[in-house]
Amino acid sequence: MILVTGALGQIGTELVLALQEKYGNDKIIASDLKEPENYHCKFEKCDIRDIETYERINNENKIEIVYHLAAILSAAGEKNPELCHDVNYNGLENVLKTAKKYNQKLFCPSSIAVFGPDVPKEMTPQNVELNPKTVYGITKVKGEELCDTYFKEHGIDVRGIRYPGLISWKHKPSGGTTDYAVEMYFDAVESGKYECFVNRNTRLPMMFMDDAIRATLELMDAPLDSLNYHSNYNLSSMSFSAEELEKEISAHVDFNCLYKPDYRQDIADTWPISINDDDARKDWGWEPKFDISKMTEEMITNLRRLNE
Ligand code: VAH
């Protein structure tokens, strides 16, 4: 059986669907803080900070693989550092302890937020000193180190990707600094206007969700002995500025974007502009399929359909 934590979030919503398609609906168990109505998958209500409940769920359902997506993202984390550390680090520790107890295989994502302003901004390498300037980034660096410890000292097969900003139409993200890229699409289709919380020339690494989900499954399918890294693969598909995104969207809809940077600009300014993912391409054959044009066609088509 496969468990997905954070199953109701932006990534979890799509990962559950992809796992059901790959393994069959009855092999997947979704988990999150609250039980949704009329949900399409077996569901277990769980706060990953509660290890007793989390362990009971894993034991009762004979969970063999866990995709651990429950987390507090960067912007929300800066507003509530204690919660961010409790969920992102202590929660992860509970997942790893349980994986050791039941010898499970894990996917535990990291983020480009592990990089601080002191690394090369363009084509940020896989191996650089990590000095993040956000609480979220610090929890992700500590998370990568904890995952590597469980691999090296306890033989737990834990894998992860340093996700860039992820863009999707099935479910909006919440509490992230890169959320503007998703909100811009939604607001452009719904109202033709958006107030962007970073400035127009803010350029960040981004990825369409279809590519991110495929990368996640391809990494988990890769032979363990082909991997030179575990919970911390750099992954890339494209980088673009907020203004470039506005122009791409404006080719499809009448759209006007205002730029009013807030506290999230300071977070975005500490992150890379582009990522070197040579190791993911070499170790497990990563290759993106979506560029900004192909992604925008998908996003606009589906958002228009949802707004009919
Ligand atoms: C965030 N979307 O904005 C997440 C991600 C690369 C950023 O980790 O916090």
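Rules used in this analysis
Residues numbered from 1 in each chain as written. Predicted model: local features only at pLDDT ≥ 70, side-chain atom pairs only at ≥ 80, totals over all residues. Heavy atoms only, no water. UniProt positions renumbered as here; feature names shortened; annotations may be inferred. Buried < 20%, exposed > 50% of the residue type's maximum accessible area, 1.4 Å probe, protein only. Contact = heavy atoms within 4.5 Å. Helix = DSSP H or I, 4+ residues; strand = E, 2+ residues; numbered from the N terminus. Pairing = 2+ DSSP bridges. Axes fitted to C-alpha atoms, helices over the stretch in contact; angles between N-to-C directions. Near = heavy atom within 4 Å. Polar contact = N/O pair within 3.5 Å; in protein donor to acceptor, adjacent residues only side chain to side chain. Areas by Shrake-Rupley, 256 points an atom, 1.4 Å probe, with all protein chains shown as cover. Nonpolar A, V, L, I, M, F, W, Y, C, P; charged D, E, K, R; others polar. Domains from an automatic or database assignment.

A. Summary view of the UniProt feature "binding site: NAD(+)" (unreviewed entry) in the chain. As recorded in UniProt, the feature "binding site: NAD(+)" (unreviewed entry) lies at Gln 10, Ile 11, Asp 32, Asp 47, Ile 48, Ala 71, Tyr 136, Lys 140 and Leu 166. With a sequence span of 157 residues, these residues are also far apart in the fold, their greatest C-alpha distance being 23.8 Å. What makes Ile 48 buried here is its relative accessible area of 5%. Not counting residues within four places of it along the chain, the set of residues in contact with Ile 48 comprises Thr 5, Tyr 54, His 68, Ala 70, Val 87, Gly 91, Leu 92 and Asn 94. Within the secondary structure, Leu 166 is located in strand 9 (residues 165-167).

B. Structural view of the side chain of Gln 265. Take Gln 265: it is sitting in helix 9 (residues 264-268). Gln 265 gets classed as buried once you look at its relative accessible area, which sits at 6%. Those residues in contact with Gln 265, other than ones at most four positions away along the chain, are Phe 197, Val 198, Asn 199 and Thr 202.

C. Local environment of the pairing of strand 11 (residues 203-208). Most of strand 11 sits out of view: five of its six residues are buried. One ladder, built from three bridges, connects strand 9 with strand 11; its direction is parallel. Pairing of Ile 167 across the sheet is with Phe 208, part of strand 11. Bridge analysis of strand 11 against strand 13 (residues 238-241) gives four bridges, and the strand direction is antiparallel. Among the inter-strand pairings, Leu 204 is bridged to a residue of strand 13, identified as Phe 240.

D. The arrangement of the sheet that holds strand 12 (residues 233-234) in detail. Here we have three strands laid out as an open sheet, ordered 6-8-12, and parallel in their pairing. If you trace the sheet from one side to the other, it starts and ends with strand 6 (110-111) and strand 12, each paired once. Sheet topology note: the strand 8 (residues 161-163)/strand 12 ladder contains two bridges and is parallel. For Ile 161, the partnering residue across the bridge sits in strand 12 and is Tyr 233. Contacting strand 8 and strand 12, helix 7 (residues 209-221) crosses the sheet at an angle of about 170° to strand 8.

E. Representation of the site of the ligand. In the vicinity of the ligand, the contacting residues are Leu 73, Ser 74, Ser 111, Ile 112, Tyr 136, Tyr 163, Pro 164, Gly 165, Gly 176, Thr 177, Thr 178 and Trp 271. Between Ser 74 and the ligand, the recorded distance is 2.6 Å, taken from a side-chain N or O atom to an oxygen atom. Ser 111 has a polar side-chain atom sitting 2.8 Å from an oxygen atom of the ligand. Contact with the protein chains removes 93% of the 280 Å² of surface that the ligand exposes when unbound. Class assignment of the residues belonging to the shell around the ligand gives a composition of six nonpolar, six polar and no charged. When residues of the shell around the ligand are sorted by domain, at least three fall in each of domain 1 (2-164 + 209-234) and domain 2 (166-207 + 238-272 + 290-306).

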